[in-house]
Amino acid sequence: MRKSIILACILIVSFTACNTGKRGSNNSKNGTEVADPAHNSRNSLDWAGIYKGTLPCADCEGIVVELRLKEDLTYERVMTYLGKGDNRFTDNGRFEWDEAGSRIRLTSATSSGDVDSWFKVGENQLISLDIEGNPIESTLPPDTYLFRKIDIDNVITEKYWKLIELNGEEITFATEGQAREAHFILKNDDNRVIGSTGCNSMNGSYSLSEEEHSIHFTPFATTRMACIGIDYEAEYLDIFQLCDNYTLQNDTLTLSKGEKPLALFVAVYLR
């Protein structure tokens, strides 16, 4: 695992090196900004929370990163390599602010050999910086290195929704014989839905109205593995074709048809 985290950092840094001919600079030498103790990101922003972004990757479709910043100056991070199977790596450690209170540096507790990560902290967002804490200059779009803060209360997109109840029956994850739990994720970019039945992968598209709390799904495409011990797969897939509205209360999502609840899901972060 430690070697995997190191490899992840190396890949990110290597890709950056390939796409930039020079390193960005801040307002003064060595990237040091002038401190404003009264107004800076550290004391003016609600920076604690969960951030999510997709970094470029040299040999995969991208690296989806979820990063949780805590008030006690510790962090948790999950990195998922797209297009490479279930390549998910976790990391945790501490972070510290620079003197200006505008940037943070993450130091991994997983391995002393890992490269520190720098981020510029903004309003509900983080910007990934290079290994010296300077802006990354490349030919890629400006938001390539942008991490957005997840609103854990009011939105249902870009969240990992784990199935916990189906047509009134509790659903639990089998510790043996079940590789993945039943879940789905609504992607913002192209109104795509991805997930799992608890056995087979599934994908399709969706449309929703947050004002009216209405939601509709296209028929899903799924893989066709034999699902030993998963006797609710067909029933689970049916609820996406039947539902026409949703309700959200804290971290619990309910898909319903009219006033009849069909399935309950709970949001799970850093998966």
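That block above? That's the structure.
Here goes a summary of the coordinates provided. (Residues numbered from 1 in each chain as written. Predicted model: local features only at pLDDT ≥ 70, side-chain atom pairs only at ≥ 80, totals over all residues. Heavy atoms only, no water.)

**Quick look at the side chain of S117**
Within the secondary structure layout, S117 lies in strand β6 (residues 117–122). At 3.1 Å, the side chain of S117 forms a polar contact with the side chain of R77. (Helix = DSSP H or I, 4+ residues; strand = E, 2+ residues; numbered from the N terminus. Polar contact = N/O pair within 3.5 Å; in protein donor to acceptor, adjacent residues only side chain to side chain.)

**Focus on the packing of aromatic side chains**
Inspection of every chain in the model, using the stated rule, returns 13 aromatic pairs. Taking the centre distance of 5.1 Å and the plane angle of 85 degrees together, the rings of Y236 and F240 count as edge-to-face. Of this pair, Y236 and F240 both sit in helix α3 (residues 233–242), separated by 4 residues, roughly a single helical turn. Here the two residues Y236 and F240 agree in accessibility, since each one is buried. Considering the side-chain rings of F240 and F265, the 6.4 Å spacing of their centres and the 45 degrees angle between planes classify their relative orientation as tilted. (Phe/Tyr/Trp six-rings, centres within 6.5 Å; stacked < 30°, edge-to-face > 60°. Buried < 20%, exposed > 50% of the residue type's maximum accessible area, 1.4 Å probe, protein only.)

**So, the nonpolar core**
One finds L163, F184, F217, Y236, F240, L255 and F265 to be the most contacted residues of the largest nonpolar core, which totals 32 residues. When residues of this core are traced back to their parent elements, those giving at least two are β9 (160–166), β11 (183–186), β13 (201–209), β14 (214–217), α3, β17 (252–257) and β18 (260–268). Here this core takes 4 residues from β18, the largest share from any one element. With sequence-adjacent residues up to four places away left out, Y236 is seen in contact with L163, L166, A182, H183, F184, S196, T197, M202 and F265. Of all hydrophobic cores here, the second largest spans 25 residues; its members include A48, C57, L106 and L126. (Core = buried A, V, L, I, M, F, W, Y, C linked by side-chain atoms within 4.5 Å. Contact = heavy atoms within 4.5 Å.)

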